[in-house]
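Listed here are the chains, written in short residue letters.
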Amino acid sequence: MSEKLLLSGNEAIAYGAWEAGVDIGVGYPGTPSTETLEALSKKADVYTEWSPNEKVALEVGAGASFYGSRVLVTMKHVGLNVAADPLFTLGYTGVNGGLVLLVADDPGMHSSQNEQDSHNYAPFAGVIMLDPSDPIEAYEMAKNAFKISEKFDTVVILRSSVRVAHTKEMVEVGRRGETKKRALVRDPKKWVMMPAFAKIAREKLDDKFVDIARYSNDSKLNRAELRDKKIGVVCAGAVYHYVREADSDVSVYKVGISNPLPLEEIRSFASQVDELYVAEEADDYFERSLATAGIACKPLSVPRRGELTPELIKKGLGYSNLSPHENPEQVIARPPLLCAGCPHRPVFYALHKMGAIVTGDIGCYTLGAIPPLNGIDTCVCMGASVSMAHGIEVADNLAKQRGETDEVIPPVVGVIGDSTFAHSGITGVINTVYNGGAGTIAILDNRITAMTGHQGNPVNGITLQHRPSHELELEPFLKACGVTRVRTVDSTDIDAVTQALEEETNAPEYSVIIFRSPCILLTRTWPAAYACDSDKCRGCKICTKLGCPALSFDEITRKVTIEAGACKGCGLCAQVCTFRALTQTESEV
Amino acid sequence: MDTKTVLLCGVGGQGTILAADILAKVAAAAGLKVKLSEVHGMAQRGGSVTTIVRFGEKVHSPVTDPGCVDALVSFEILEALRNAHFLSSEGIIFVNDELNEPMSVRIGAQKIENDPVAELKKRKAHFIPATETAISVGSPRSANVVLLGALSRVLPFDENLWLDVIEARVPEKTLEGNIAAFKAGRGFSSRMDKEER
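Residues numbered from 1 in each chain as written. Chains lettered and ligands numbered in written order. Predicted model: local features only at pLDDT ≥ 70, side-chain atom pairs only at ≥ 80, totals over all residues. Heavy atoms only, no water.

**Brief notes about unusual backbone geometry**
All names here are of chain A.
Line of reasoning, step 1. With an omega of 5°, the peptide bond between Thr31 and Pro32 qualifies as cis.
Line of reasoning, step 2. Structurally, Pro32 is set in the loop between strand S2 (24-27) and helix H2 (35-41).
Line of reasoning, step 3. A cis amide bond links Asn259 with the next residue in sequence, Pro260, at an omega value of -10°.
Line of reasoning, step 4. Within the secondary structure layout, Pro260 lies in the loop between strand S12 (257-259) and helix H11 (263-272). (Helix = DSSP H or I, 4+ residues; strand = E, 2+ residues; numbered from the N terminus.)

Here it is as structure tokens:
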């Protein structure tokens, strides 16, 4: 029995894994990977959980695999950096139950801080990588990946990208197959990677890859499509479809297993075409791999940065029959914003007014960097806000001790969300305390992981499948870490926010302020909207500095207006208005 | 049929993704291959959203190139202009006659250069009072379905296919409003046909 459903690549992977008998799904939310675990969590016969970070998720996955279960671990490309530590050793240990790791790349950086190509991880870590090009293939490969993982006793990375993850097509799905749980095997030589055992494991890994390379060369997941033999293009993932769209006559070598590459098959393909090109996004993994193997190839002349498109490939092939189109109009940018009514807006407002140096983090709060809030100076990776704040302080102290500067720098504040704090802010705090640091950290606890679409996390204690759970209490936790100055402030009170930030940044000790107010989108009912009394409004524009999307300033009347439908009744604008022009309306929203 | 490409765009929260989903399901129900591609990374925070739906006997790329879109459906004026270069020379634009100013404009920090409505008129855009119409048929959030109604006239799918998919896809209590919204949208398009004749 099968049915056809319009599925995204992410959902298709969840279906494929489920049909392959996956028992456990674990991951950390991150665009464009998030919906995979969310889709899997809806299956009653699968246990799923969000972990505080990707390293933990992969380690949970490793434990489940050791036990003999099939497990799917999910994350985005930057998450794989966090999980790299266990991954590289799992390459040596191998698996027991099939362990499939979904990694979703974001070439073009639609919602990421970089566009690293995860292909590079597979040979580096010594694991197999599969490269689906669309949801149908993602479904098929997810189904197969567990068998491949068990057959070769290794982790299989399923490498997706935004155009696989967030593309939908009709996928014919079936039933959950019967799989027998493998027996738990207690074998220290396999699982304890101390040097004596690791040296043997390394040898085994190298031998194993000889077999896997043979498998890759024989596998139907890789295929040569011979057409016009003047040009052959090697490609994988969504890029395959761009190449086919650009010119349906060129010969294509479609890579489905990108590690180990089917080099013999590609060599044979190369010998049948006059010129061999490589088409890939954001990096030169395929080009380098082919060159190292002595297969003469050229990159298509396309940008190394960003996403490819069919037209870029046409240009790269030197075609002149490009689609005629007008140049894009210069249209004013529409950057994403903190929501109307976001209760944590006052923190950025106050930090900006103080002129603080703010080390920021990943999540909604990255948006605090956008004008007019201008409340963030750095954003590198999850958890970096806490550790970078310490780094700035250490460097400043040192420079002053050495007499290199006597310039007084503004107070330094690290800003991090609740989920991100649990992800990797915790270790930064422990480090700062341990090394006697003395800055200020602001944890913006909005009770949810908001940016990726409201996932639960350890700080609010809401689990993926709504099992009973415990909420990590930040105050006693921070005290246990050795932070002596911990205070909790309602972030919707601008005066209280300003006062807390001033006091704590002036304090000689390390301090953490927990700004606690739930995400405005958690409740669907809001207080009555605010409105501007135009007789009282003097057009001073102070309220516009909050960057609230519900508020506008009319250049002609020189007055402020509030869009009733957009206003969430938070009243922050009224708090900053000196002329009491902004007041709450009667009606409930 | 040749592969057709529809680009739907708007601002986060306007229902572009639901509209694209309905269109994709209609195309699939008509027996065509279909691919739908979304970019919605930060859309939830009021950023630009674009969704591409491609359908035909075979569909390779889920994304499209400038100059290749057959129909552009925009839920907002500035977003229509932002994506106008994707239209083919015979492409058609349906745009909700609503201007949603970016915050920088609303607070007086930046100005909109040129007149976006005039720019779109140069491209023969069809302006549709979708929000107004949606409110008048009692379903304020169904401006997206009004626009789908207008689009439906230029696509080769039977009206009943659309109605079946809408019925299956929208919440039951909004069904009546959505169907009225779809029909009103189709009405705009048929008036448009007459004007052109």
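**Structural notes on helix H18 (residues 494-506) of chain A**
Residues and elements named next belong to chain A.
Line of reasoning, step 1. Here H18 contains 13 residues, and its C-alpha end-to-end distance of 18 Å stays within 8% of the 18 Å for a straight helix at 1.5 Å per residue.
Line of reasoning, step 2. Buried positions along H18 lie against helix H14 (345-354), strand S16 (412-417), strand S17 (440-445), strand S18 (485-489), strand S19 (511-516) and helix H19 (572-576).
Line of reasoning, step 3. Where H18 begins, the capping side chain belongs to Asp493, and its oxygen is found 3.2 Å from the backbone nitrogen of Asp495. (Expected span 1.5 Å × (residues − 1). Contact = heavy atoms within 4.5 Å. Polar contact = N/O pair within 3.5 Å; in protein donor to acceptor, adjacent residues only side chain to side chain.)

**Re the interface of chain B and chain A**
Line of reasoning, step 1. Taken together, the contacts link 49 residues of chain B with 52 residues of chain A.
Line of reasoning, step 2. Of the roughly 4600 Å² buried where chain B meets chain A, counting both sides, 57% is carbon and sulfur surface.
Line of reasoning, step 3. Contact with chain A buries area across many residues of chain B, yet B:Arg45, B:Met103 and B:Arg106 alone supply 17% of it, more than any other trio.
Line of reasoning, step 4. On the surface where chain B and chain A come into contact, there are nine salt bridges. (Buried area = accessible area lost by both parts, 1.4 Å probe. Salt bridge = Lys/Arg side-chain N within 4 Å of Asp/Glu carboxyl O.)

**Brief notes about the state of the cysteines**
Residues and elements named next belong to chain A.
Line of reasoning, step 1. Here the structure, examined in full by the defined rule, presents zero disulfides over all chains.
Line of reasoning, step 2. In this structure Cys567 is a free cysteine whose sulfur lies 6.2 Å from that of Cys573, the closest cysteine sulfur available.
Line of reasoning, step 3. A residue is classified by how much of its surface remains accessible, and Cys567, at 8% relative accessible area, is buried. (Disulfide = S-S within 2.5 Å. Buried < 20%, exposed > 50% of the residue type's maximum accessible area, 1.4 Å probe, protein only.)

**Observations regarding the side chain of B:Ser74**
Residues and elements named next belong to chain B.
Line of reasoning, step 1. By secondary structure assignment, the location of Ser74 is in strand S4 (residues 69-74).
Line of reasoning, step 2. Its relative accessible area of 0% is what places Ser74 among the buried residues.
Line of reasoning, step 3. Beyond its immediate chain neighbours, meaning those up to four positions away, Ser74 contacts Cys9, Glu79, Ala80, Phe94, Val95, Asn96 and Leu147.

**Side note on H11(A)**
Residues and elements named next belong to chain A.
Line of reasoning, step 1. Taken together, the buried positions of H11 are occupied by Ile266, Phe269 and Ala270. The buried residues of H11 all sit within an arc of 100° when viewed along its axis, so they share a single face.
Line of reasoning, step 2. Residues of H11 that are buried in the fold lie against strand S9 (223-225), strand S10 (228-236), strand S11 (250-255), strand S13 (275-278) and helix H12 (285-292). (Arc of directions from axis to C-beta.)

**Side note on the packing of aromatic side chains**
Line of reasoning, step 1. If you walk through the whole model with that rule in mind, you get 11 aromatic pairs over all chains.
Line of reasoning, step 2. Relative to A:Trp191, the ring of A:Phe66 lies with its centre 5.1 Å away and its plane at 90°, an arrangement referred to as edge-to-face. Taken as a pair, A:Phe66 in helix H3 (residues 54-67) and A:Trp191 in helix H8 (residues 188-191) lie far apart in primary sequence, 125 residues in all.
Line of reasoning, step 3. The class of A:Trp191 is buried, set by a relative accessible area of 18%.
Line of reasoning, step 4. Plain terms: the ring middles of A:Phe88 and A:Tyr121 are 6.2 Å apart, the flat faces sit at 80° to each other, and that makes the pair edge-to-face. Here A:Phe88, found in helix H4 (residues 77-93), pairs with A:Tyr121, found in helix H5 (residues 121-125); they are 33 residues apart in sequence, far enough to count as distant.
Line of reasoning, step 5. A:Tyr121 sits in the buried class, given a relative accessible area of 15%.
Line of reasoning, step 6. Clustering of aromatic rings is evident, with ring pairs tying together B:Phe55, B:Phe157, B:Trp162 and B:Phe182.
Line of reasoning, step 7. Above the face of the A:Tyr240 ring, A:Lys254 is positioned so that its terminal group lies 5.5 Å from the ring centre.
Line of reasoning, step 8. Taking the ring centre of A:Trp526 as reference, the NZ or CZ of A:Lys568 above it sits at 4.6 Å. (Phe/Tyr/Trp six-rings, centres within 6.5 Å; stacked < 30°, edge-to-face > 60°. Lys NZ or Arg CZ within 6 Å of the ring centre and 35° of its normal.)

**Concerning the confidence of the model for chain B**
Residue and element names in this part refer to chain B.
Line of reasoning, step 1. In this model, chain B carries a mean pLDDT of 92, and residues with pLDDT of at least 70 account for 95%.
Line of reasoning, step 2. At the level of individual helices and strands, chain B shows its lowest average pLDDT in helix H8 (residues 175-196), which scores 84, and its highest in S4, which scores 98.
Line of reasoning, step 3. Predicted complex, confidence summary: ipTM 0.93, pTM 0.94. (pLDDT = per-residue confidence, 0-100.)

**Some points on the sheet that holds strand S15 (residues 357-359) of chain A**
All names here are of chain A.
Line of reasoning, step 1. If you trace the five strands from one edge of the open sheet to the other, you get S15-S16-S17-S19-S18, paired in parallel fashion. The sheet terminates laterally at S15 and S18, the two strands that pair on one side only. For this sheet the average axis-to-axis angle between neighbouring strands, irrespective of direction, equals 25°.
Line of reasoning, step 2. Bridge count for S15 against S16 is three bridges, and the pairing is parallel. Note that in S16 the partner of Thr359 across the bridge is Gly414. (Pairing = 2+ DSSP bridges. Axes fitted to C-alpha atoms, helices over the stretch in contact; angles between N-to-C directions.)

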